[in-house]
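Per-entry structural report
The chain contents come next:
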Amino acid sequence: MIQNVGNHLRRGFASMFSNRTSRKSISHPESGDPPTMAEGEEYRNPTEVQMSQLVLPCHTNHRGELSIGQLLKWIDTTACLSAERHAGCPCVTASMDDIYFDHTISVGQVVNIKAKVNRAFYSSMEVGIQVVSEDLCSEKQWSVCKALATFVAHRELSKVKLKQVIPLTEEEKTEHAVAAERRRMRLVYADTIKDLLTHCAIQDDLDKDCSNMVPAEKTRVESVELVLPPHANHQGNTFGGQIMAWMENVATIAASRLCHAHPTLKAIEMFHFRGPSQVGDRLVLKAIVNNAFKHSMEVGVCVEAYRQEAETQRRHINSAFMTFVVLDKDDQPQKLPWIRPQPGEGERRYREASARKKIRLDRKYLVSCKQAEVALSVPWDPSNQVYLSYYNVSSLKTLMAKDNWVLSVEISEVRLYILEEDFLSFHLEMVVNVDAAQVFQLLSDLRRRPEWDKHYRSVELVQQVDEDDAIYHVISPPLSGNTKPQDFVILASRRKPCDNGDPYVIALRSVTLPTHHETPEYQRGETLCSGFCLWREGDQMTKVSYYNQATPGFLNYVTTNVSGLSSEFYNTFKACESFLLDNRNDLAPSLQTL
């Protein structure tokens, strides 16, 4: 019953390429929908594109391994073809999310790339990509990396409004649901770094005394590339993958100047294309080592474009940050020299590199926590609040998208579903005669939950993190068999719909705060994944769905109520309905500001 939370969070990202066939018979009578599948025919996403490339010596670096720049070009091409298959018109690369390279690819091996559109917004879409290497002699395969790219449909004479992606399988539904949350993350990425530097103490080591420090200026690289027709698409715009390959090249040179060795690229922070470039443009690529840690270094790369030599204004095309290591003969990372940044801008880049490293480590911790080994709650602080909020909402959406919920009982139009996988979850559902936005406001404020839920004795707002996230301290009555009341420290993350058909979401999970340690007075309880999803069901009608993934301390209570078909769940949910009906016209300022 105990779930490995790391696997659970990663499943939402990796599931889009599961080898399982989730549906064998799919019917869509409406015109414009995907064609009907014959019985026994394997389903394939209509936007999926596959590319296989044999790695030749001309594709490799000094180690006989596939150049990451070449791989980025293949990834971008495959993803672009998938985007254009959905859009029906030319598409350009807008961004590429963080990429972590887990395995190298050698000469003679085959690179298999799959790409498919996860979700379309107005004129942009998210494309999921998986890269696997294959040894043809041994028939072994290795996962190389996964990536998420954003493409924009581009038609010169008119705006493009993309048709919606229709998710069919459980994996597609999960990716479709979580794509909106990832889009939100991309939009706040720059602000996240800025806030971290402003409000958090980042260890920068600028005052350390090291005699072997290398001045950052010694690693600076500048290169110019002329965009020629082979570098561009049929509209004359430079391929995003080509620009990324040029960026990887100058970054590798900068890294080599620090370590005096051949570095290996391990990760790339988000590529963000600020504007297009065309055939005839000159692209100036600049790279410098921003910071060097014990076994890794961050290289910043900037791309600017100009048309004529006489131009004084250059267009900022792209920026990215790449993490390199130097491997010894046993493929273990070697110790690197320290870097001495230039005063001013160099020190800013130095500190930002430390902030990005902290974010990477926080994110790695969030996805690797093992429920059986550590507490379910994870530490909350300003440095990880964005990612913790993201995983909070994504976990609930992943649970919601599961296909194998089983109806356990229905009483007076209140339905109870259960899901048994590696853990036990339950889901309550009803329709209320209240507008969805009002339901969202009323249920978002946990301070009002004791008005209808007897499991919430009192609720204190500890911190209003921002408009969408708040932290509460909850006191609950003791469960059967316990003498002490329980207390919870809960992060509540709320989201409004991204598109028509999306639900309102209120996601809840436990966190730990230094100001609210466990005390002898209470037994500390934890919730890993719970919350509400609210759908509009017409004028002034809302479908209210509550989800809860049973944690070990709550498990006995849940199984008792489910197996015994207890009316306790039903009574609580009906009390929620009465609360919503009685307060549907309540527009108190405290609710409006949530």
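What you see is a predicted model, and the numbers here were worked out from it, not measured in a lab.

What about the overall build of the chain?
The secondary structure content of the chain amounts to 11 helices and 25 strands. Sorting the 594 residues of the chain into buried and exposed places 54% on the buried side. Across the chain, contacts joining residues at least 24 apart in sequence account for 70% of those joining residues at least 6 apart. Working note: accessible area of the chain is about 26,800 Å², and carbon and sulfur atoms make up 50% of it.

Quick word on the packing of helix α3 (residues 170–187) against helix α7 (residues 385–400)
The relative placement of two packed helices is expressed as an angle between their axes plus a distance between the axes. Contact geometry for α3 and α7: axes closest at 9 Å, N-to-C directions at 165 degrees. One element, α3, and the other, α7, form an angle in the roughly antiparallel class. Between α3 and α7 the crossing geometry is right-handed. On the side of α3, the interface is formed by Thr174, Ala177, Val178, Ala180, Glu181, Arg182, Arg184 and Met185, while α7 contributes Val386, Tyr387, Ser389, Tyr390, Val393, Ser394, Lys397, Thr398 and Met400.

Describing the packing of aromatic side chains
Within the structure shown, the criterion is met by 7 aromatic pairs. The interplanar angle of 55 degrees and the centroid separation of 6.2 Å between the aromatic rings of Phe426 and Tyr546 together place this pair among those described as tilted. In this pair, Phe426 sits in strand β18 (residues 424–432) while Tyr546 sits in strand β25 (residues 542–549), placing the two residues 120 residues apart along the sequence. Here Phe426 matches Tyr546 in class, with each residue buried. On the numbers, 6.3 Å between centres and 65 degrees between planes, the contact of Trp452 with Phe532 is edge-to-face.

A short note on the environment of Arg274
Turning to its location among the elements, Arg274 is positioned in the loop between β10 (271–273) and β11 (282–292). Separated by 45 residues in the primary sequence, Arg274 and Ser319 place their C-alpha atoms 8.7 Å from one another. Not counting the four nearest positions on each side in its chain, Arg274 is found in contact with His316 and Ile317. There is a polar contact of 3.3 Å between the side chain of Arg274 and the side chain of His316.

With respect to α3
In this model α3 runs 27 Å from its N-terminal to its C-terminal C-alpha over 18 residues, within 8% of the 26 Å that 1.5 Å per residue would give. Of all the bends in α3, the greatest, near 30 degrees, is centred on Ala179. The element α3 is largely enclosed, with a buried count of 14 among its 18 residues.

Considerations on helix α5 (residues 240–259)
Because each turn of an α-helix spans 3.6 residues, side chains separated by three or four positions in sequence point in the same direction. Its 20 residues give α5 an end-to-end C-alpha distance of 29 Å, which sits within 8% of 28 Å, the value for a rise of 1.5 Å per residue. Where burial is concerned, most of α5 is hidden: 15 out of the 20 residues are buried. One or two residues past the end of α5 sits His260, with phi positive at roughly 50 degrees.

Things to note about the confidence of the model for the chain
In the predicted model, the chain carries a mean pLDDT of 83, and 83% of its residues have values of at least 70. Within the model, pLDDT remains below 50 along residues 588–594, and this stretch shows 15 contacts once partners closer than five positions in the same chain are excluded.

Points about the layout of surface pockets
When its volume is computed, the second largest pocket comes out at roughly 1,000 Å³. Taken together, 34 residues line the second largest pocket, and the ones lying closest to its centre are His272, Arg274, His316, Ser319 and Phe321. Contributions of two or more residues to the lining of the second largest pocket are made by β2 (91–96), β5 (124–134), α3, α4 (189–199), β11, β12 (297–306), β13 (315–325) and α6 (345–368). The element that contributes the greatest number of residues to the lining of the second largest pocket is α4, accounting for 5 residues. Of the residues belonging to the lining of the second largest pocket, the class tally is 15 nonpolar, 8 polar and 11 charged. Counting residues domain by domain, the lining of the second largest pocket receives three or more from each of domain 1 (45–201) and domain 2 (212–231 + 256–373).

What about the pattern of salt bridges?
With the rule as written, the count across this model stands at 31 salt bridges. Here Asp331 makes a salt bridge to Arg63, at a shortest N to O gap of 3.5 Å. One end of the pair, Asp331, is in the loop between β13 and β14 (339–340); the other, Arg63, is in the loop between β1 (49–54) and α2 (68–87), with 268 residues separating them in the sequence. Measuring nitrogen to oxygen at the nearest pair gives 3.6 Å for the salt bridge that ties Glu170 to Lys402. One end of the pair, Glu170, is in helix α3; the other, Lys402, is in the loop between α7 and β16 (406–411), and 232 residues separate them in sequence. The pair formed by Glu170 and Lys402 is uniform in burial state, with each residue classed as buried.

Some words on the side chain of Asp76
By the secondary structure assignment, Asp76 is in helix α2. Although Asp76 is buried, it makes no salt bridge; Lys73 carries the closest opposite charge, 10 Å away. Discounting chain neighbours no more than four positions away, the residues touching Asp76 are Thr93, Phe151, Phe239, Gly240, Gly241 and Met244.

A look at the nonpolar core
For soluble globular proteins, nonpolar side chains are generally found buried alongside one another. Within the largest apolar cluster, 73 residues are counted, with the highest numbers of intra-cluster contacts made by Met125, Ile129, Phe271 and Met297. Tallying contributions element by element places α5 first for this core, with 10 residues. Those residues within four positions of Met125 in sequence are excluded, and the remaining contacts are Ala83, His86, Ala87, Cys91, Val117, Arg119, Ala120, Ala149, Thr150, Phe151, Ala153 and Leu162. Judged by nonpolar contacts, the second largest core, of 36 residues, contains Tyr456, Ala470, Phe488 and Leu508.

Considerations on the pairing of strand β24 (residues 530–536)
Buried residues dominate β24, accounting for 6 of its 7 residues. Across 5 bridges, the pairing between strand β22 (residues 504–512) and β24 is antiparallel. Paired with Tyr504 across the two strands is Leu534, which belongs to β24. Relative to β25, β24 runs antiparallel, the two sharing 7 bridges. When the bridges of β25 are listed, Leu534 appears paired with Val544. Counted along the chain from β24 to the antiparallel partner β25, the turn is 5 residues long, and its residue Gly538 has a positive phi close to 115 degrees.

Structural notes on the packing of α2 against α5
Put simply, α2 and α5 touch, their axes get as near as 8 Å, and they point 165 degrees apart. Classified by the angle their axes make, α2 and α5 are roughly antiparallel. At the point where α2 passes α5, the crossing takes the right-handed sense. When α2 is examined against α5, the residues Ile68, Gly69, Leu72, Lys73 and Asp76 are found in contact with a partner set consisting of Gly240, Gly241, Gln242, Met244, Ala245 and Glu248. Residues of the contact of α2 with α5, tallied by class, amount to 4 nonpolar, 4 polar and 3 charged.

Conventions we followed
Residues numbered from 1 in each chain as written. Predicted model: local features only at pLDDT ≥ 70, side-chain atom pairs only at ≥ 80, totals over all residues. Heavy atoms only, no water. Helix = DSSP H or I, 4+ residues; strand = E, 2+ residues; numbered from the N terminus. Buried < 20%, exposed > 50% of the residue type's maximum accessible area, 1.4 Å probe, protein only. Contact = heavy atoms within 4.5 Å. Areas by Shrake-Rupley, 256 points an atom, 1.4 Å probe, with all protein chains shown as cover. Axes fitted to C-alpha atoms, helices over the stretch in contact; angles between N-to-C directions. Parallel < 35°, antiparallel > 145°, perpendicular 65-115°, else oblique. Left-handed = near helix turned anticlockwise from the far one by under 90°. Phe/Tyr/Trp six-rings, centres within 6.5 Å; stacked < 30°, edge-to-face > 60°. Polar contact = N/O pair within 3.5 Å; in protein donor to acceptor, adjacent residues only side chain to side chain. Expected span 1.5 Å × (residues − 1). Bend = angle between axes of the 7 residues up to and from the residue. pLDDT = per-residue confidence, 0-100. 1 Å grid on protein atoms, 1.4 Å probe; cavity = no way out; pocket = protein on both sides within 12 Å on 5 of 7 lines; lining within 4 Å. Points joined across faces, edges and corners; volume = space filled by probe spheres on them. Nonpolar A, V, L, I, M, F, W, Y, C, P; charged D, E, K, R; others polar. Domains from an automatic or database assignment. Salt bridge = Lys/Arg side-chain N within 4 Å of Asp/Glu carboxyl O. Lys, Arg positive; Asp, Glu negative; His and termini not counted. Core = buried A, V, L, I, M, F, W, Y, C linked by side-chain atoms within 4.5 Å. Pairing = 2+ DSSP bridges.

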